Amino acid sequence: ATVAPVAAPEAPPEAGEHTEAGGLAFLQYWLSTLSYAAQTGDPAPVSAATSPECGDCQAAMTRIEAAHAAGGGFRGGAYVVRGVTAASLWSADQPVYDATIDRTHRVELDAAGATVDTLPALTFTTCTVVLEWSDGQWLVREIISPGCVG
């Protein structure tokens, strides 16, 4: 069986607006780029949308790149966004959002298909995320909630 190639997610136009609604749309897009990176091994879209300051984000991207570079990959781990709301202390420079997400159980596989590690599923989990507006675009600056990305 042939597996159809997965297209990289595209940011909706509103995700490029320096507004509260723009940040909401951007965060939904960012989570789709994280799922795409895990599935394909292509970190370019999520990397372009992530601040180097986001330690959890950088660690997740490094793990994804390393697994794929070694000939392995991931099964599962897709993020589903149930909703995104702006936190009460919204600011234009570094707004805080709460994303309610599900993530399917993820298995990291080596080149032979053996399980290397697993990441548990998340259901109705609130992830608090700080964005920043930098050089005319949103970036994820920090994931405050532990365990939301892996």
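See above for the structure.
What you see is a predicted model, and the numbers here were worked out from it, not measured in a lab.

Explain the nonpolar core to me, and be specific about the residues and the numbers.
Formed by 32 residues in total, the largest nonpolar core has its most connected members in Phe-26, Leu-27, Trp-30, Val-140 and Ile-143. Within the residue set of this core, elements represented by two or more residues are helix H1 (20-40), helix H3 (55-69), strand E2 (79-86), strand E3 (96-103), strand E6 (122-134) and strand E7 (137-143). The element that contributes the greatest number of residues to this core is H1, accounting for nine residues.

Hey, could you go over the pattern of salt bridges for me, with residue numbers and the actual values?
Side chains carrying opposite charge are able to pair once their charged atoms draw close together. All chains considered together, the criterion is met by four salt bridges. We note a salt bridge from Arg-63 to Glu-108, for which the minimum N-O separation is 2.7 Å. Residue Arg-63 is found in helix H3, and its partner Glu-108 is found in strand E4 (residues 106-109); the two are separated by 45 residues along the sequence. Judged by relative accessible area, which is 32%, Arg-63 ranks as partly exposed.

Mind laying out the state of the cysteines, listing which residues take part and the relevant values?
For the structure shown, the criterion picks out two disulfides. One disulfide bridge connects Cys-54 with Cys-57, the sulfur atoms lying 2.1 Å from each other. Measuring handedness by torsion sign, the sulfur bridge of Cys-54 and Cys-57 sits at about 55° and is right-handed. Per residue, the accessibility class of Cys-54 equals that of Cys-57, and both read buried. Through a disulfide, Cys-127 is tied to Cys-148; the S-S separation comes to 2.0 Å. Its torsion about the S-S bond being -100°, the disulfide of Cys-127 and Cys-148 is classed as left-handed. Here Cys-127 is found in strand E6, whereas its partner Cys-148 is found in the segment after E7, with 21 residues between them in sequence. An identical accessibility class is assigned to Cys-127 and Cys-148; each is buried.

Outline the environment of Gly-113, listing residues and values.
If you trace the backbone, Gly-113 turns up in the loop between E4 and strand E5 (115-119). In this structure, the C-alpha to C-alpha distance between Gly-113 and Gly-71, residues 42 residues apart in sequence, is 9.3 Å.

Give a detailed account of the sheet that holds E4, specifying residues and quantitative values.
A sheet is described by the order of its strands in space; here three strands give the open sequence E1-E4-E5, paired in antiparallel fashion. In the strand order of this sheet, the two ends are held by strand E1 (73-76) and E5, each with one partner. The sheet shows a mean angle of 25° between the axes of neighbouring strands, direction not considered. In this structure, E1 lies alongside E4, joined through four bridges in antiparallel fashion.

How would you explain the sheet that holds E2 if you had to name every residue and give the values?
The four strands lie next to each other as E2-E3-E6-E7, forming an open sheet whose pairing is antiparallel. Each having just a single partner strand, E2 and E7 make up the two edges of the open sheet. Taken over all neighbouring pairs, the strand axes of this sheet differ in orientation by 35° on average, direction set aside. For E2 and E3, the ladder comprises seven bridges, and the chain directions are antiparallel.

Describe the side chain of Thr-50, naming the residues involved and giving the relevant values.
With respect to the element layout, Thr-50 can be found in the loop between helix H2 (44-48) and H3. Polar contacts involving the side chain of Thr-50 include one to the side chain of Trp-30, which spans 2.7 Å. Not counting the four nearest positions on each side in its chain, Thr-50 is found in contact with Trp-30, Cys-57, Gln-58, Met-61, Leu-139 and Val-140.

Rules used in this analysis
- Residues numbered from 1 in each chain as written.
- Predicted model: local features only at pLDDT ≥ 70, side-chain atom pairs only at ≥ 80, totals over all residues.
- Heavy atoms only, no water.
- Core = buried A, V, L, I, M, F, W, Y, C linked by side-chain atoms within 4.5 Å.
- Buried < 20%, exposed > 50% of the residue type's maximum accessible area, 1.4 Å probe, protein only.
- Helix = DSSP H or I, 4+ residues; strand = E, 2+ residues; numbered from the N terminus.
- Salt bridge = Lys/Arg side-chain N within 4 Å of Asp/Glu carboxyl O.
- Disulfide = S-S within 2.5 Å.
- Pairing = 2+ DSSP bridges.
- Axes fitted to C-alpha atoms, helices over the stretch in contact; angles between N-to-C directions.
- Polar contact = N/O pair within 3.5 Å; in protein donor to acceptor, adjacent residues only side chain to side chain.
- Contact = heavy atoms within 4.5 Å.

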